[in-house]
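So the chains spell out like this:
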Amino acid sequence: MSSSEKRRNTTPTAGAPAVELLRINKWFGAVHANRDVSLSVAPGTIHGIVGENGAGKSTLMSILYGFHRADRGEIRIAGRPVAIRGSEDAIAAGIGMVHQHFMLVDTFTVVENVILGAEGGRLLAPGTHRARGELAELASEYALEVPPDALVGDLPVGLQQRVEILKALYRGAEILVLDEPTGTLAPQEADHLFRILRRLKGQGKTIVLITHKLREIMAVTDRISVMRQGRMVAHRDTATTTVAEIAELMVGRRVLSQVEKEAVKPGRDLLSVENLRVRDDRGLSSVRNVSFSVRAGEIVGIAGVAGNGQSELMEALAGLRPVVGGRILVAGKPVGAGGRLRRRLGLAHVPEDRRRMGLVMPFQARESAILGHHDDPRYRRAALFDWAAVSRDTAGKMDAFDVRPADPRRITAAFSGGNQQKLVLAREIERDPLVLLVGQPTRGVDIGAIEFIHRRLVAMRDAGRAVLLISAELDEIMGLSDRILVMFGGTIAGEFPAGRATERELGLLMAGAAGRERSAP
Amino acid sequence: MELLTLLALVLDSTLRLSAPLILAALAGLFSERSGIIDIGLEGKMLGAAFAAATAATFTGSPWAGLAAGIGASVLLALVHGYACITHRGNQVVSGLALNILVSGVTAVLGIAWFAQGGRTPQLPGEARFLPLEWPGAAPLRDVPGVGTLYSELLSGHNLMVYLAFLAVPTVAWVLYRTRFGLRLRAAGENPQSVETAGISIIALRYRALLCTGVACGMAGTYLSLAQSASFINDMTAGKGYIALAALIFGKWRPYPAMLACLLFGFLDATAIRLQGVDLPGVGEVPVQFVQALPYVLTVVLLAGFIGRAIPPKALGVPYVKER
Amino acid sequence: MSIVATGPAAGLPRWAVLGLLPALNLLAAFAISGLIVLLIGENPWEAVRMLVWGAFGFQEAIGYTLFYATNFIFTGLAVAVAFHCGLFNIGGEGQAYIGGLGMALVCLYLDFLPFALIVPAAVVGAALFGAAWAFVPAWLQAYRGSHIVITTIMFNFIAAAVMAYLLVNVMSRPGSMEPESRDFALHARLPLMHEALGAMGIDIAASPLNLSFLWALLCCAVVWVFMWHTRAGYRLRTAGASPPAALYGGISPPRQIIVAMVVSGALAGCMSLNELMGVQHRLVLEFTAGYGFAGIAVALMGRGHPVGIVLASLLFGALYQGGAELSFEIPGITRDMVVVIQGLVILFAGALEFMFVPAVRAVLLRSSGG
Amino acid sequence: APAVVYDLGGKFDKSFNEGVYDGAAKFTADTGIDFREFEVQTDSQRVQALRSFARRGLDPILAVGFQYASALDKVAPGFPDTRFAIIDAVVDQPNVQSIVFKEHEGSFVVGVLAAMAADGDSIGFVGGMDVPLIRRFACGYVLGARHARPGIRVFQNMTGTTGAAWNDPVKGGELAKSQFDRGASVVYHAAGSTGLGVLQAAADAGRLAIGVDSNQNHLHPGHILTSMLKRVDVAAYDVFDSARRDEWRSGVRILGLKENGVGWSLDAHNEALVTPAMKAAADEAARQIVSGEIKVHDYVTEGDCPAR
Ligand SMILES: Nc1ncnc2c1ncn2[C@@H]1O[C@H](COP(=O)(O)OP(=O)(O)OP(=O)(O)O)[C@@H](O)[C@H]1O
Ligand SMILES: Nc1ncnc2c1ncn2[C@@H]1O[C@H](COP(=O)(O)OP(=O)(O)OP(=O)(O)O)[C@@H](O)[C@H]1O
Ligand SMILES: [Mg+2]
Ligand SMILES: [Mg+2]
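Residues numbered from 1 in each chain as written. Chains lettered and ligands numbered in written order. Predicted model: local features only at pLDDT ≥ 70, side-chain atom pairs only at ≥ 80, totals over all residues. Heavy atoms only, no water.

### With respect to the overall build of chain D
And then number 1: If you tally the helices and strands in chain D, you get 10 helices and 12 strands.
And then number 2: Scaling as 2.2 N^0.38, a compact globule of 308 residues should have a C-alpha radius of gyration of about 19 Å, and chain D matches this with 19 Å.
And then number 3: Considering only C-alpha atoms, chain D reaches an extent of 55 × 40 × 40 Å along its principal axes.
And then number 4: The buried share of chain D, reckoned over its 308 residues, is 65%. (Helix = DSSP H or I, 4+ residues; strand = E, 2+ residues; numbered from the N terminus. Rg over C-alpha atoms; globule rule 2.2 N^0.38 Å. Buried < 20%, exposed > 50% of the residue type's maximum accessible area, 1.4 Å probe, protein only.)

Written out as structure tokens, the structure is:
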């Protein structure tokens, strides 16, 4: 009997909150991730949860979804206490969750992923058939179109996320939890997601939304709860609060959403790219004759919808992807194949996907902190590593970038997403390179950290370094860049000096509308 | 001897040699597709072979033997599960430990019960799975071509051989057409996704190991009740590892795995025929080279034609919720 | 992978993980073995006493225990090195076998060299041939994607065939019943420990323990330094833990695969020094006797860390030697019974290593009032 | 008290270790004198086993199998007052008695029987591993067969290259089956437990097989033509008994047909298979070998076999 038969057994008792968490406590070994956390979510509303990295948001939601067990505390759904021992209980209670890291089987088709656990019968055929029908319905009902027979692994993140939502709805979820859903989405995709959420709310569903992007929170939520260091520190009605207030509640101090920076005084070209041509993993050409340069003392931002060649461009520049044609020069010198010479020439790279590339999860932090620079004589005494020196060096970087906990020997995987990101940035920026390539520098990072990271990037620029920034966050691009390049279909579709571009224009170019002729000389 | 008959005879022994490999490989498939490395096929086969022979000796019925064989193998599979699933122990160590344990236990019990150095007594025909003659096989034997193929290849194998080859489509069907199969494949790729879908990984993997036990039990029984007439110490002689190799060779999929097993069987059968044969020009090939041939060819094929084998993503990773 | 922090035992104090748990596991293993001993009508206490006494009770016993341990150290290290690069080297058996060939060639055909030269030459021969035998599967894995587990299994069989051919048709000693080479010249043998120490005036009981034991310990130290204190080791572990990260860090995973396997094969090859150059003094069939496979269990039980591997090797050595004495003293307990006990120990101390974690954690928490 | 150390095969190998065990057991039955025994697990235990028995004052100590040669050579000098004996190898020490068998002579005779029993034009041989000792069996067998029927074909197969080759009845069965398929009517095995598969295959195929070492006729009555006997049991008994009667001598004892050290078995299980003519021929061949008219080539001492 699959859980889809046990759906909708929670008829809300009038007025009772859809979800109620009472004095939840959770330890991970010594880490007290949730301390007496209480939360109440009204039915038919969108409820936002914000907090710094490591504040305990994901943990709390994992507990609600039965993925972790609370050490203490009570959970009430629609007013009646429920024991959630595992996800099956959560599903039975009408809870669905879209995790920070998707819970999908890449080698399965969309349909297979959706029916997994709700197959409705011992044989697949009937269930699959029914699922197709229902998917079509849901698709039209909530604008959740996905190709049902595509392999999930081949889908862009945006669509993968829809699959996650479909999974939840297919199981008849009344309460939908989304953990940093927009972390990896392009603006358009994010907007689409919010349209979907509003519709769901319209249908009377209750939604809990975790995000670090306060603009989004203000835009879609009805109520906001703030967490800090495992505690629930405040609840606000969205209507009556401001970004500044929320930010301050989160970090415990004022934060500026916009870094101020004085006018650009660019110098010589530090990074120049000439007719670069690159192929993607499938062998299709994904960067077509791209030429541009980044000068000393400027930040160049590349805007674009995921999958238009920015990632491949970045990898090619970093030496992670073979160059089919064209030249790359760092400080006027042509770079060889591979990344090592480039590093020596002063090119640093903060990869988009830090979990896969930027860090080595099972390593101690100090070991991850020298990745790519392990040949540096500073880390050695004669031929051997001087771990004491490495530890000191790492500790220094951790302080500088406020990585928590600042323990060089902690296993990398045990840091929260945001802190992992800071570790990578620390490693690359602290070496003060000539040219810095950054991909999605603030993905999954809390605003406190965002502000901090932005400041560091600007500081580099002011110190006369060249920064090339790729981000799906339009306002990050617009806020930081001195020049903005828009990439579409593997080519540079347009170029704007800072400030002269409106979000709308950029959006259009990114979407491939309007022609090259707009691009400034 | 004219070529077709020779071929027929080689293929004939190919079938006999690959049958146990196929059963064992399918057994491994269940376990590994669910994310549990099974290097213990060898031990499970050996245990099953012993249990089957013992039961058949006491009851005189091959069916009792089969039941006992499956029982023993399932028991071992569950121990493996207890170590690897319940206690998240190292799956390779567990498999090796069971292999060693079984080779010892079978000998100890064998000596205690039969006092023949761990061997079981020779079984009479009615206590074994004997070749089944198909209707009209005898008369057709002398019809060249079709007749030979029919009588040598199709007819005249024991029940277990036919079972082995029937098992392949069955397993494929379970794997790709049933709920259990879907969850099994998911468990091996991304256990979290299964857990978050409200299914207990633990229960699922135990069920997978049950299937492993059953298939391996049949493989072991085949050795002592069909292919030979008694249990002999360490009679698996490395077949468990070969089956594992075949499974990987077949990229953890039923039909390709079967083909790999057939390949091993065929190469082995050919090697048997090539011994002591003078090759034109070369003269007589040293027997050791002939014996090494199957393994060399396997490597060559693997390097030359079969590309990368990508294992189930979660294979060998103990499942931990608090990742 | 830090030695204690990870795994289900995470969070437990070091002494509990490295001391208490293994002790409990061994206890459990012996408890079960005891039951079986009881079943076959012998006295369990007596058996355990014999086992321990047989392994450590007198000088000769200790000698034998260390002698067996030497084999396990080599094969265990071999498996561990490959493992840190994410490779599962099942081929230790074949690599040791072929390593033996390399060593034997030196001892048989270069024996015009003086002792001082022939020993290093033999070490090189063993390591070189072992490495070469591991190189092919490594290359196939790195550049053709052929699964290392299959290829190494196959190479074990191929090694057996090659050696059988050579020993029967090429290197065999005329008039001998078994395929074996002629004996090594006297100066082409490793001094036994009691001879060596005897020469220094320290005298201990005779045993096959020989100088290769020291070489094994040296290898442990070298591997430890290599793995965690050199750049080469860092590259190797990075490639093993995350190929994309390695690529990002300017490390080529394929090259690391080759390095890891070559080092692994060289270590495995050195096992022959102990067995052949130390004791048998000639090349014989199947001297590897399954040590290559046991090395897998040794490496994993030793958590891939040299210190752990030495401990695991001591345990296995003790089981082999103590087991022999056991079946010697108590005829009722056959060698097969000893195999059973060995299996149980590996099962409990290796695969079920975490069985008592929940209990221990509970107790510790309660006592610390957590 | 006397002691036995068995070879890796173990004392119940249905072959020569077991033969020794039978002999020793008979000795105990006859004299009431008990004996100690040990089965080695690895090569490295051989020295250890011999030494600890000697240290415990056991005497005589019988080592089974050529693999003990070098070990005994090391140990014997250390215990000059202990009487050692070794089967299947020659160890030149004052306190060691070496017992070797002329398996080639026994094989020659069963070769004669096989050739005469064959209704087709070919017979077969399945060995365990391709090692000199087994080639000695094979060579004698072929020579015997050709002696009876000059033109006869003899298929020869070896099972494998690892220790498993002695424990692989499945492979043994396949090898025998392939020889039967190729027309062999009789297959002789020298392959330890693997041979059981050969005998089984003969029974399943309704053909004939020849056992080895101990009398295996009873395993498949009507399908086992005969067994090439290697009287290790007698040898073992003699070692113990001569020592008991202080008639033990060091030096080499070579046991061939003359000394009844090897032979062939004829009993209720196979008398139907052996025609008077065959018996006569076998006995004649045996006589000629004993009298020296026929000298059977010994592969081990003389190297490669004249008959291919
Ligand atoms: N499985 C785990 N094992 C050990 N510690 C953990 C585990 N998961 C989370 N933690 C710790 O618990 C604390 C809360 O983590 P959590 O992931 O809930 O934070 P978060 O608010 O989701 O952070 P982010 O915004 O970066 O996602 C952090 O200190 C984290 O290091
Ligand atoms: N990543 C690792 N995995 C496994 N063991 C490790 C790792 N790093 C270090 N070790 C082991 O941990 C122990 C301590 O390592 P190390 O010498 O780096 O510590 P340390 O020198 O005390 O640290 P520090 O240099 O910060 O003082 C050594 O046995 C080392 O081999
Ligand atoms: Mg989180
Ligand atoms: Mg240090």
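Having seen the structure, we can now continue with the description.
### Some thoughts on the arrangement of the chains
And then number 1: Between all 5 pairs of chains that are in contact, chains B and C come out with the most contacts.
And then number 2: What separates chain A from chain D at the closest point of their C-alpha atoms is a distance of 40 Å, and the two make no contact. (Contact = heavy atoms within 4.5 Å.)

### Observations regarding the packing of helix 5 (residues 115-144) of chain C against helix 6 (residues 148-170) of chain C
Residue and element names in this part refer to chain C.
And then number 1: The geometry of helix 5 relative to helix 6 is characterised by a closest axis approach of 10 Å and an angle of 150° between their N-to-C directions. What the angle tells us is that helix 5 and helix 6 run roughly antiparallel. By crossing handedness, the relation of helix 5 to helix 6 is classed as right-handed. Across the interface between the two elements, Trp133, Val136, Pro137, Ala138, Leu140 and Gln141 from helix 5 touch Ile148, Thr151, Thr152, Phe155, Ile158, Ala159 and Val162 from helix 6.
And then number 2: In terms of residue class, the contact of helix 5 with helix 6 is made up of 10 nonpolar, 3 polar and no charged. (Axes fitted to C-alpha atoms, helices over the stretch in contact; angles between N-to-C directions. Parallel < 35°, antiparallel > 145°, perpendicular 65-115°, else oblique. Left-handed = near helix turned anticlockwise from the far one by under 90°. Nonpolar A, V, L, I, M, F, W, Y, C, P; charged D, E, K, R; others polar.)

### Some thoughts on the sheet that holds strand 3 (residues 61-64) of chain D
All names here are of chain D.
And then number 1: The sheet built from 6 strands is open, its strands ordered 2-1-3-4-5-11 with parallel pairing. Strands with a single pairing partner mark the edges of an open sheet, and in this sheet they are strand 2 (36-39) and strand 11 (251-255). Along the sheet, successive strands turn relative to each other by an average axial angle of 15°, direction set aside.
And then number 2: Alignment of strand 1 (residues 3-6) against strand 2, held across 4 bridges, turns out to be parallel. For valine 5, the partnering residue across the bridge sits in strand 2 and is phenylalanine 38.
And then number 3: The strands that helix 2 (residues 45-55) touches are strand 1, strand 2, strand 3 and strand 4 (84-87); relative to strand 2, the one it contacts most, it runs at about 165°. (Pairing = 2+ DSSP bridges.)

### Structural notes on the interface of chain B and chain C
And then number 1: Listed by partner, the interface residues are 43 residues for chain B and 42 residues for chain C.
And then number 2: Of the roughly 3,600 Å² buried between chain B and chain C, counting both surfaces, carbon and sulfur atoms make up 81%.
And then number 3: Among the residues chain B hides against chain C, the three largest losses belong to His87, Val93 and Gln288 of chain B. Together they make up 14% of the total.
And then number 4: The leading source of residues in the side of chain B that touches chain C is helix 4 (residues 91-114) of chain B, at 14 residues.
And then number 5: Residues that form the side of chain B that touches chain C fall into these classes: 31 nonpolar, 10 polar and 2 charged. (Buried area = accessible area lost by both parts, 1.4 Å probe.)

### Some thoughts on the interface of chain A and chain B
And then number 1: Each side of the interface is counted separately: chain A has 30 residues, and chain B has 24 residues.
And then number 2: Carbon and sulfur atoms make up 57% of the surface buried where chain A meets chain B, a total of about 2,300 Å² over both sides.
And then number 3: Contact with chain B buries surface across chain A, with Phe67, Leu116 and Leu124 of chain A losing the most and accounting together for 25% of the total.
And then number 4: Between the two partners, chain A and chain B, sit 3 salt bridges.
And then number 5: With a closest N to O distance of 2.8 Å, glutamate 119 of chain A and arginine 183 of chain B form a salt bridge.
And then number 6: Applying the counting criterion to the chain A and chain B interface returns 6 residue pairs in polar contact (both at pLDDT 80 or more).
And then number 7: Contributions of two or more residues to the side of chain A that touches chain B are made by strand 1 (19-28), helix 2 (87-92) and helix 3 (110-115) of chain A.
And then number 8: Sort the elements by how many residues they give to the side of chain A that touches chain B and helix 2 of chain A lands first, with 3 residues.
And then number 9: Residue composition of the side of chain A that touches chain B, grouped by class: 14 nonpolar, 8 polar and 8 charged. (Salt bridge = Lys/Arg side-chain N within 4 Å of Asp/Glu carboxyl O. Polar contact = N/O pair within 3.5 Å; in protein donor to acceptor, adjacent residues only side chain to side chain.)

### Some details on the state of the cysteines
Residue and element names in this part refer to chain C.
And then number 1: Under the definition given, this model contains 1 disulfide over all chains.
And then number 2: Left without a disulfide partner, cysteine 85 is nearest to the cysteine sulfur of cysteine 219, which lies 19 Å away.
And then number 3: For cysteine 85, a relative accessible area of 5% gives the class buried.
And then number 4: Cysteine 270 takes part in no disulfide bond, and the closest cysteine sulfur, belonging to cysteine 219, lies 5.3 Å away.
And then number 5: On the basis of relative accessibility, which here comes to 3%, the residue cysteine 270 falls in the buried class. (Disulfide = S-S within 2.5 Å.)

### Comments concerning the side chain of lysine 213 of chain A
And then number 1: With respect to the helices and strands, lysine 213 of chain A occurs in the loop between strand 8 (206-210) and helix 7 (214-220).
And then number 2: A distance of 2.8 Å separates the side chain of lysine 213 of chain A from the backbone oxygen of threonine 182 of chain A, its partner in a polar contact.

### As for unusual backbone geometry
And then number 1: Proline 405 of chain A follows arginine 404 of chain A through a cis peptide bond whose omega is -10°.
And then number 2: Among the secondary structure elements, proline 405 of chain A is positioned in the loop between helix 13 (387-400) and helix 14 (417-429).
And then number 3: Following aspartate 59 of chain D, the chain continues into proline 60 of chain D via a peptide bond in cis, with omega recorded as 0°.
And then number 4: With respect to the secondary-structure elements, proline 60 of chain D resides in the loop between helix 2 and strand 3.
And then number 5: Even without glycine at this site, aspartate 88 of chain D takes up a positive phi of about 80°.
And then number 6: Positionally, aspartate 88 of chain D belongs in the loop between strand 4 and strand 5 (96-101).
And then number 7: Here aspartate 213 of chain D, not a glycine, exhibits a phi torsion of approximately 70°, which is positive.
And then number 8: Secondary-structure assignment places aspartate 213 of chain D in strand 9 (residues 208-213).

### Some details on the site of ligand 1
And then number 1: Surveying the vicinity of ligand 1 reveals 21 residues, the closest of which are Asn53, Gly54, Lys57, Ser58 and Thr59 of chain A.
And then number 2: Near ligand 1, the surrounding residues belong to chains A and B.
And then number 3: Here an oxygen atom of ligand 1 sits 2.8 Å away from a polar atom, N or O, in the side chain of lysine 57 of chain A.
And then number 4: Serine 58 of chain A is positioned with one of its side-chain polar atoms (N or O) 2.7 Å from an oxygen atom of ligand 1.
And then number 5: Protein contacts shield 83% of the accessible area of ligand 1, which totals 630 Å² for the unbound molecule.
And then number 6: For the shell around ligand 1, the secondary-structure elements that each account for two or more residues are strand 2 (31-41), helix 1 (57-64) and helix 14 of chain A.
And then number 7: Ranked by residues supplied to the shell around ligand 1, first place goes to helix 1 of chain A with 3 residues.
And then number 8: Of the residues assigned to the shell around ligand 1, the class counts are 5 nonpolar, 10 polar and 6 charged. (Near = heavy atom within 4 Å. Areas by Shrake-Rupley, 256 points an atom, 1.4 Å probe, with all protein chains shown as cover.)

### Thoughts on the sheet that holds strand 10 (residues 224-230) of chain D
To summarise the sheet geometry, strands pair through backbone hydrogen bonds and adopt either a parallel or an antiparallel arrangement.
All names here are of chain D.
And then number 1: Taken in spatial order, the 6 strands of this open sheet run 7-6-8-9-10-12, and their pairing is mixed. Where the open sheet ends on each side, the last strands, each with one partner, are strand 7 (153-160) and strand 12 (262-264). On average, each strand axis in the sheet is tilted by 15° relative to the strand beside it, whichever way the strands run.
And then number 2: Direction of pairing for strand 6 (residues 122-129) relative to strand 8 (residues 184-190): parallel, over a ladder of 5 bridges. Paired with valine 126 across the bridge in strand 8 is histidine 189.

### What to know about the confidence of the model for chain D
And then number 1: Within chain D, residue pLDDT values average 91, and 100% of them lie at 70 or more.
And then number 2: Overall fold confidence for the complex sits at a pTM of 0.88, while the interface term, ipTM, reaches 0.85. (pLDDT = per-residue confidence, 0-100.)

### With respect to a nonpolar patch on the surface
And then number 1: A cluster of nonpolar residues, Phe135, Val136, Trp139 and Tyr143 of chain C, forms a patch on the protein surface that exposes about 360 Å² of accessible area.
And then number 2: Structurally, phenylalanine 135 of chain C can be placed in helix 5. (Patch = residues over 30% accessible without salt bridge, like charges linked within 9 Å, V, L, I, M, F, W, Y side chains within 5 Å.)

### A short note on the pairing of strand 7 (residues 175-179) of chain A
Residue and element names in this part refer to chain A.
And then number 1: Among the 5 residues in strand 7, 5 count as buried, and that is most of the element.
And then number 2: The side-chain alternation of strand 7 yields two buried faces, one formed by Ile175, Val177 and Asp179 and the other by Leu176 and Leu178.
And then number 3: Pairing geometry for strand 6 (residues 95-98) and strand 7, over 4 bridges, is parallel. What sits directly across from glycine 96, in strand 7, is leucine 176.
And then number 4: Across 5 bridges, strand 7 lies against strand 8 in parallel orientation. When the sheet's bridge partners are listed, leucine 178 is paired in strand 8 with leucine 209.

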